[in-house]
Amino acid sequence: MSSHNTHKAYDESTLVSVVIPVYNRTQPLKRALASVLAQTHAKLEVIVVDDGSTEDLMRVVDELNDERITFIRNEKNTNANVCRNIGIQKASGKFIAMMDSDDEWMPEHIALRLQFMAQTGADGCFGSHFVDNGSERIPALSRNRNEKESMADYLLSDGIAQTSTHFYKAECAKQLRWDEELKRHQDYDYSIRFAQKFDFRPCISCTCIVYWEKGVRRVESYRSQMKFIEKHKSSISPRVYNLYHCRNFFNVVDREDMEPSIVEHYRRESYRYPDHITRTEFMAVVGHRQPVWKRLLLRIKFALIVFR
């Protein structure tokens with residue numbers, strides 16, 4: 001990991017580029033843009049990249065009538081990562097702040113990020129956020145990364161680095177691209193690669209609101225998650241790897257629409273690091289819905305694997 005640490009005082013004249021990919025979401029986009037334009041740090045350019053929406057999002061920008069906003073439209077719907085890459089390459093600010101179109105920032109979000117970067121000399125930062133589920137706001141707090149803990153282990157355990165809290169030096173962000181083939185864990189993937197090359201630190205201040213209504217399922221793509229894990233397997237410790245696959249197994253096993261091959265993938269991965277999984281966890285996954293006689297055989301098999 002390299003670092004471009006230059007400890008400078010926070011400068012109110014520093015231009016920050018805000019990148020917002022969007023597909024439809026007219027009302028959430030209005031809320032997101034209103035929170036950006038209300039930042040205490042006013043030196044901004046806002047790059048909205050419309051991913052071929054069927055709604056007229058240009059009207060939202062026109063109504064705001066703020067010259068700091070640039071609107072770019074993809075005629076064909078692709079995915080958010082394509083839009084993020086377009087926005088990052090178009091950015092002319094010294095720093096780049098990422099934002100999802102259905103999220104919201106508190107007024108001091110950017111100012112506090114700039115202060116943190118000036119004080120630490122980091123190349124990028126991420127941080128805590130509130131989850132608004134429609135009835136309450138629950139804080140989701142980023143913790144510090146443990147010494148020698150990989151970013152992959154951090155994110156797949158209890159670390160938090162939500163996309164709308166990402167803030168980078170532009171010179172660093174432009175050296176990497178968001179993986180345009182991933183539909184899930186895109187933020188994990190970018191965070192891991194950024195942290196491998198640059199100084200990427202948690203800024204604990206909670207200045208972002210993520211709206212996630214109770215009962216509404218997020219976009220799932222287990223094939224994409226499997227690709228992500230394969231891509232970063234070498235930086236994931238065996239214990240975290242096992243816990244991640246155990247958790248995903250129970251997310252997929254009882255879903256009627258889930259492909260059997262995906263269920264079997266997560267079941268099979270329980271054998272990868274047998275020295276780092278408990279018998280209870282192993283049996284919960286591999287022995288799930290198996291007859292008693294087979295569960296007994298699996299117990300014996302587990303013992304033979306562990307004590308081979």
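Treat the numbers as computed from the prediction; the structure is a model and nothing was measured. (Residues numbered from 1 in each chain as written. Predicted model: local features only at pLDDT ≥ 70, side-chain atom pairs only at ≥ 80, totals over all residues. Heavy atoms only, no water.)

This part covers the environment of Q225. You can see Q225 is positioned in helix α8 (residues 222–232). Remark: the alpha-carbon pair of Q225 and L182, spanning 43 residues in sequence, is separated by 7.9 Å. (Helix = DSSP H or I, 4+ residues; strand = E, 2+ residues; numbered from the N terminus.)

Attention now goes to the side chain of Q162. Its place among the elements puts Q162 in the loop between α5 (151–156) and β9 (167–169). Among the polar contacts made by the side chain of Q162, one reaches the main-chain amide nitrogen of S164 at a distance of 2.7 Å. If we ignore the near neighbours within four places in the chain, the residues touching Q162 are D100, D103, H129, D187, C208 and V210. (Polar contact = N/O pair within 3.5 Å; in protein donor to acceptor, adjacent residues only side chain to side chain. Contact = heavy atoms within 4.5 Å.)

What follows is about the packing of aromatic side chains. The geometry of an aromatic ring pair is captured by the separation of the ring centres together with the interplanar angle, meaning the angle of the planes. Following the criterion strictly, the structure yields 16 aromatic pairs and no others. An angle of 25° between the planes, with centres 5.6 Å apart, marks the rings of F95 and F167 as stacked. Within this pair, whereas F95 is found in strand β4 (residues 95–98), its partner F167 is found in strand β9, the two being separated by 72 residues in sequence. Ring centres of F194 and F200 lie 4.8 Å apart, and the angle between their planes is 55°; this geometry places the pair in the tilted category. Judged by its relative accessible area of 3%, F200 falls in the buried class. Here the aromatic cluster, defined as three or more aromatic residues joined through ring pairs, consists of F126, Y154, Y168, W178, Y190, F194, F198 and F200. (Phe/Tyr/Trp six-rings, centres within 6.5 Å; stacked < 30°, edge-to-face > 60°. Buried < 20%, exposed > 50% of the residue type's maximum accessible area, 1.4 Å probe, protein only.)

Quick look at the sheet that holds strand β7 (residues 129–132) now. Taken together, the 4 strands give an open sheet; going across it, the order is β5-β11-β7-β8, and neighbouring strands pair in mixed fashion. Each edge of the open sheet carries a strand with a single partner, namely β5 (103–105) and β8 (137–140). This sheet shows a mean twist of 25° between the axes of neighbouring strands, independent of strand direction. Direction of pairing for β5 relative to strand β11 (residues 208–211): antiparallel, over a ladder of 3 bridges. Bridging across to β11, E104 finds its partner in I209. Against the sheet, helix α1 (residues 26–37) engages β5 and β11, with an angle of about 15° to β5. (Pairing = 2+ DSSP bridges. Axes fitted to C-alpha atoms, helices over the stretch in contact; angles between N-to-C directions.)

Following the criterion strictly, the structure yields 24 salt bridges and no others. Measuring nitrogen to oxygen at the nearest pair gives 3.3 Å for the salt bridge that ties D102 to R25. Here R25 lies in the loop between β1 (16–22) and α1 and D102 lies in the loop between β4 and β5, a separation of 77 residues in the sequence. The exposure class of D102 is buried, given its relative accessible area of 12%. In this structure, D189 engages R193 in a salt bridge whose closest nitrogen and oxygen atoms are separated by 2.9 Å. (Salt bridge = Lys/Arg side-chain N within 4 Å of Asp/Glu carboxyl O.)

Time to look at a nonpolar patch on the surface. Residues W293, L297, I300 and L304 make up a contiguous nonpolar surface patch of roughly 480 Å² in combined accessible area. Summarising the element assignment, L304 is placed in helix α12 (residues 292–306). Residue classification places L304 among the exposed residues on the basis of a relative accessible area of 60%. (Patch = residues over 30% accessible without salt bridge, like charges linked within 9 Å, V, L, I, M, F, W, Y side chains within 5 Å. Areas by Shrake-Rupley, 256 points an atom, 1.4 Å probe, with all protein chains shown as cover.)

The next thing to look at is the pairing of strand β6 (residues 124–127). One face of the sheet, then the other: side chains in a regular strand alternate in exactly this way. Of the two faces of β6, the one holding G124 and F126 and the one holding C125 and G127 are both buried throughout. Where β6 lies against strand β10 (residues 200–203), 4 bridges are found, and the strand directions are parallel. Across the sheet, residue G124 finds its bridge partner in β10, namely F200.

Our focus in this paragraph is helix α10 (residues 260–268). Turning to α10, its buried residues are I262, V263, H265, Y266 and R267. Elements in contact with the buried residues of α10: α8, α9 (238–252) and α11 (279–286).

Let us now look at the side chain of N79. The topology assignment puts N79 in the loop between β3 (69–74) and α3 (80–90). Polar side-chain contacts of N79 include one of 2.8 Å to the backbone nitrogen of N81. Those residues in contact with N79 that lie beyond four places of it in its chain are D51 and E180.

Packing of α9 against α11 leaves a shortest axis separation of 10 Å and a crossing angle of 35°. Between α9 and α11 the crossing geometry is left-handed. For the pair α9 and α11, the contacting residues are R239, L243, C246, F249 and F250 in the first and E281, A284 and V285 in the second. Tallied by class, residues from the contact of α9 with α11 come to 6 nonpolar, no polar and 2 charged. (Left-handed = near helix turned anticlockwise from the far one by under 90°. Nonpolar A, V, L, I, M, F, W, Y, C, P; charged D, E, K, R; others polar.)

A separate point is the packing of α8 against α9. Two elements in contact, α8 and α9, have axes whose closest approach is 13 Å; the angle formed by their N-to-C orientations is 170°. Of the possible angle classes, the one that applies to α8 and α9 is roughly antiparallel. Listed contacts from α9 to Y222, Q225 and I229 of α8 are Y241, Y244, H245, N248, N251 and V252. Here the residues of the contact of α8 with α9 sort into 5 nonpolar, 4 polar and no charged. (Parallel < 35°, antiparallel > 145°, perpendicular 65-115°, else oblique.)

By themselves, these are just geometric observations and shouldn't be taken as functional.
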